[in-house]
Amino acid sequence: QVQLVESGGGLVQPGGSLRLSCAASGNILNIAVMGWHRQAPGKQRELVATITTITRSAASTWYADSVKGRFTISRDNANNTMYLQLNSLKPEDTAVYYCTARRFGVPQYDYWGLGTQVTVSS
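Residues numbered from 1 in each chain as written. Predicted model: local features only at pLDDT ≥ 70, side-chain atom pairs only at ≥ 80, totals over all residues. Heavy atoms only, no water.

## Some points on the sheet that holds strand 3 (residues 18-26)
- Taken in spatial order, the four strands make up an open sheet running 1-3-8-7, and their pairing is antiparallel. Here the strands that pair on one side only, and so sit at the sheet edges, are strand 1 (2-7) and strand 7 (71-76). The mean angle between the axes of side-by-side strands here comes to 20 degrees, regardless of whether they run parallel or antiparallel.
- Of the pairings in the sheet, the one linking strand 1 to strand 3 comprises six bridges and is antiparallel in character. Its bridge partner being in strand 3, Val 2 is matched across the sheet by Gly 26. (Pairing = 2+ DSSP bridges. Helix = DSSP H or I, 4+ residues; strand = E, 2+ residues; numbered from the N terminus. Axes fitted to C-alpha atoms, helices over the stretch in contact; angles between N-to-C directions.)

## What to know about the environment of Arg 19
- In this structure, Arg 19 sits in strand 3.
- Along the backbone, Arg 19 and Leu 86 are 67 residues apart, and their C-alpha atoms lie at a distance of 5.9 Å.
- Ignoring any residue separated from it by four or fewer positions in sequence, one finds Arg 19 in contact with Ser 7, Gly 8, Tyr 83, Leu 84 and Gln 85. (Contact = heavy atoms within 4.5 Å.)

## Focus on the pattern of salt bridges
- In this structure the tally under the stated criterion is five salt bridges.
- Between Asp 110 and Arg 103 there is a salt bridge, with its nearest N and O atoms 2.4 Å apart.
- You can call Arg 103 partly exposed: its relative accessible area is 31%.
- One salt-bridge network, in which partners are shared between bridges, spans Arg 38, Glu 46, Arg 70 and Asp 93. (Salt bridge = Lys/Arg side-chain N within 4 Å of Asp/Glu carboxyl O. Buried < 20%, exposed > 50% of the residue type's maximum accessible area, 1.4 Å probe, protein only.)

## Looking at the pairing of strand 5 (residues 46-52)
- Along strand 5, five of the seven residues are buried, which leaves the element largely enclosed by surrounding structure.
- Note: strand 4 (residues 31-39) against strand 5, six bridges, orientation antiparallel. Directly across from Trp 36, in strand 5, lies its bridge partner Ala 49.
- Two successive antiparallel strands, strand 4 and strand 5, enclose a turn made up of six residues, where Gly 42 displays a positive phi of approximately 75 degrees.

## Examining the nonpolar core
- Leu 4, Met 34, Trp 36, Leu 84 and Tyr 97 are the most contacted members of the largest nonpolar core, which totals 31 residues.
- Those elements giving two or more residues to this core turn out to be strand 1, strand 3, strand 4, strand 5, strand 7, strand 8 (81-86), strand 9 (95-103) and strand 11 (116-120).
- Setting aside anything within four residues of it in sequence, one finds Leu 4 in contact with Cys 22, Ala 23, Ala 24, Met 34, Cys 99, Thr 100, Ala 101, Tyr 111, Trp 112, Gly 113 and Leu 114. (Core = buried A, V, L, I, M, F, W, Y, C linked by side-chain atoms within 4.5 Å.)

## Brief notes about the pairing of strand 3
- Pairing of strand 3 with strand 8, which is carried by six bridges, proceeds in the antiparallel orientation. Each bridged residue has a counterpart across the sheet, and for Leu 20 the counterpart in strand 8 is Leu 84.

## What to know about the packing of aromatic side chains
- For the structure on display, the rule yields one aromatic pair.
- Its end group placed over the ring of Trp 112, Arg 45 keeps NZ or CZ at 4.5 Å from the ring centre.
- Note that Arg 102 overlies the ring of Tyr 109, its terminal NZ or CZ placed 5.7 Å from the centroid. (Phe/Tyr/Trp six-rings, centres within 6.5 Å; stacked < 30°, edge-to-face > 60°. Lys NZ or Arg CZ within 6 Å of the ring centre and 35° of its normal.)

## A look at the confidence of the model for the chain
- Within the chain, residue pLDDT values average 93, and 97% of them lie at 70 or more.
- Per-element mean pLDDT across the chain ranges from 94 in strand 7 up to 98 in strand 11. (pLDDT = per-residue confidence, 0-100.)

Structure below.
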């Protein structure tokens, strides 16, 4: 089992920034990819960014078009922590952001944190 705990959400004005953190614990050596999903009220859940994990020497990242150039995903291998830097935030970025993880050989993200709320509003 893997436990994921998010932190860092909050209320920010349009154009502002936030940094989300995800602390991972448990059997993390089985994790191939970690990512951030988000879900806004009345909308489908969306994968926004992914990063390969400690078991791969060079981190490889991916971003949804809606956040490319504004969000940055990173990892701290020593502390088993993943981050999502959110810059130039827009009202449409308002959502619950979930830290997620996918195991080697498993296509779906089967580990999820409880989520952290990000609200972008003036």
